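This is what each chain is made of:
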Amino acid sequence: MLRKLPKILLGLVLFLVILVGGFVVFGMYVTRQLPWQKPVFDTVLPADPGQVGAKGVLVFSKTNGFRHESIEPGIEAIKKVGREKGWDVRTSENGAFFNDNYLNRFKVVVFMSTTGDILTSEQEKAFEKFVENGGGYVGIHAASDTEYSWDWYDHMLGTHFRDHPLYPEHTPEAEIITDTRTHPTTKHLPAKWRKVDEWYNFKQSVRGKDSIQVLLTLNEASYKATWPKAMGGDHPISWTNIIGKGRVFYTGMGHTNETFTDKYAMPHIVAGIEWAGRFD
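Named according to an unreviewed UniProt entry, the chain is ThuA domain-containing protein originating from Spirosoma flavum.

K.L.:
Just to check I follow, could you spell out the overall build of the chain for this structure?
P.N.:
Along the backbone of the chain there are 6 helices and 11 strands. In the chain, buried positions account for 52% of the 280 residues. At a minimum sequence separation of 6, the contacts of the chain that also span at least 24 residues come to 76%. Summed over all atoms, the accessible surface of the chain reaches about 13,500 Å², with 58% contributed by carbon and sulfur.

K.L.:
Looking at this structure, how should I read the packing of aromatic side chains?
P.N.:
Each aromatic ring pair is described using two quantities: the centre-to-centre distance and the angle formed by the ring planes. A complete count under the given rule lists 23 aromatic pairs for this structure. When the centroid spacing of 6.1 Å and the interplanar angle of 85° are considered together, the rings of Phe127 and Trp152 count as edge-to-face. Pair noted here: Phe127 is in helix H4 (residues 121-132) and Trp152 is in helix H5 (residues 151-157), with a separation of 25 residues, a long-range link. With relative accessibility at 12%, the residue Trp152 sits in the buried group. Here the aromatic rings of Trp150 and Tyr153 are separated by 5.4 Å at their centres, their planes lie at 25°, and the arrangement is stacked. The residues Trp150 and Tyr153 share a single accessibility class, namely buried. Ring-pair connections join several aromatic residues into one group, and the members of that group are Phe60, Phe98, Phe111, Phe127, Phe130, Tyr137, Trp150, Trp152 and Tyr153.

K.L.:
What's the story with the packing of helix H2 (residues 71-85) against helix H6 (residues 265-276) in this structure? I'm lost.
P.N.:
Closest axis-to-axis distance for the H2/H6 pair is 11 Å, and the angle between their directions is 60°. Between H2 and H6 lies a crossing of right-handed hand. Counted together, Ala77, Ile78, Val81 and Lys85 of H2 and Met266, Val270, Ile273 and Glu274 of H6 form the full contact between these two elements. Along the lines of polarity and charge, the residues of the contact of H2 with H6 split into 6 nonpolar, no polar and 2 charged.

K.L.:
What am I meant to see in the pattern of salt bridges here?
P.N.:
A side chain with one charge can pair with a side chain of the opposite charge if their charged atoms come near. Applying the stated rule across the entire model yields 15 salt bridges. With its nearest N and O atoms 2.5 Å apart, the salt bridge here joins Arg105 to Asp48. With Arg105 in the loop between helix H3 (100-103) and strand E3 (108-112) and Asp48 in the loop between helix H1 (5-30) and strand E1 (56-60), this pair connects stretches of sequence that are 57 residues apart. Among the salt bridges present, the one from Lys85 reaches Glu274, with a minimum N-O distance of 3.2 Å. Placement of Lys85 in helix H2 and of Glu274 in helix H6 is noted, with a sequence separation of 189 residues between them. For Lys85, a relative accessible area of 39% translates into the label partly exposed. Residues participating in the shared-partner salt-bridge network are Arg67, Glu72 and Glu93.

K.L.:
Whenever I open this one, a nonpolar patch on the surface confuses me. Can you help?
P.N.:
The grouping of Leu166, Tyr167 and Trp227 at the surface amounts to a nonpolar patch, some 350 Å² of accessible area in total. The residue Leu166 is located in the loop between strand E5 (161-163) and strand E6 (173-178) in this model.

K.L.:
I'm lost on H6 in this one. Help?
P.N.:
One turn of an α-helix holds 3.6 residues; hence residues three or four places apart share an orientation. The first and last C-alpha atoms of H6 sit 16 Å apart over 12 residues, in line with the 16 Å expected at 1.5 Å per residue. A large share of H6 lies buried, amounting to 10 of its 12 residues. Among all positions in H6, only Ala265, Met266, His268, Ile269, Val270, Ala271, Gly272, Ile273, Trp275 and Ala276 are buried. Downstream of H6 by a residue or two, Arg278 has a phi angle that is positive, lying close to 55°.

K.L.:
I would appreciate a short explanation of H4 in the present structure.
P.N.:
For H4, built from 12 residues, the straight-helix expectation of 16 Å at 1.5 Å per residue is met to within 8% by its first-to-last C-alpha distance of 16 Å. Of the surrounding elements, those touching the buried residues of H4 are H3, E3, strand E4 (136-140), H5, strand E10 (236-243) and strand E11 (246-251). Note on H4: the residue one or two positions beyond its end, Gly134, has a positive phi of about 120°.

About the thresholds
Residues numbered from 1 in each chain as written. Predicted model: local features only at pLDDT ≥ 70, side-chain atom pairs only at ≥ 80, totals over all residues. Heavy atoms only, no water. Helix = DSSP H or I, 4+ residues; strand = E, 2+ residues; numbered from the N terminus. Buried < 20%, exposed > 50% of the residue type's maximum accessible area, 1.4 Å probe, protein only. Contact = heavy atoms within 4.5 Å. Areas by Shrake-Rupley, 256 points an atom, 1.4 Å probe, with all protein chains shown as cover. Phe/Tyr/Trp six-rings, centres within 6.5 Å; stacked < 30°, edge-to-face > 60°. Axes fitted to C-alpha atoms, helices over the stretch in contact; angles between N-to-C directions. Left-handed = near helix turned anticlockwise from the far one by under 90°. Nonpolar A, V, L, I, M, F, W, Y, C, P; charged D, E, K, R; others polar. Salt bridge = Lys/Arg side-chain N within 4 Å of Asp/Glu carboxyl O. Patch = residues over 30% accessible without salt bridge, like charges linked within 9 Å, V, L, I, M, F, W, Y side chains within 5 Å. Expected span 1.5 Å × (residues − 1).

Here it is, written out as structure tokens:
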């Protein structure tokens, strides 16, 4: 038996190496990070959007990385609210939509869990101009897992996605603290509330950065994040920013389909669109 022990241990080590390696490769596959999974950029103009109403909302959901199943429910929820509120909601996954002519017909652009590098340099410049001249930006969930090499985008958002809990739970229920209760996006919210989601950890906290105002913070003591670890106690999960004349709203919520029917989260997102687009 003792003679067989080294072989058994070697077999266990090889098994673990294969298991971990397979997990890593699978993770790279679903996030489109394998060498042959290059970003796809759009250069052919989509159909002209035509005349857009006074409350034009563009929902952009292009993914060159992981694609969330909640994208479609999120789009449908915004369309439904748009019909009720008189918004003119359009949708696209074509980066070529980002040109001065098309963008200037809208008040606000919603990045619906976009991932990866999704715009060319010219398209990026068009969006920078749109926001800085007064257009609104709303980022939902994986919008922070987007365009890591675009410095302007990182400055606008204030940070980027780092990782999220995998053990012991991927989507734990957590307590959310409403930091600011006077903002249009938080007036309806209680001081503390709970929600299940994929709680993003960010590269750094946005608290205290430039013109960023933190709206909501995660209570890290309310859920377990054994691996990867959370953010050391300071964990903003929703905030606003001002870039030039433009308004920026971001929420880390949105991994689950239920976000878009949640009695607190969905009105928060709706108010974020209205605030960023100056619909009041």
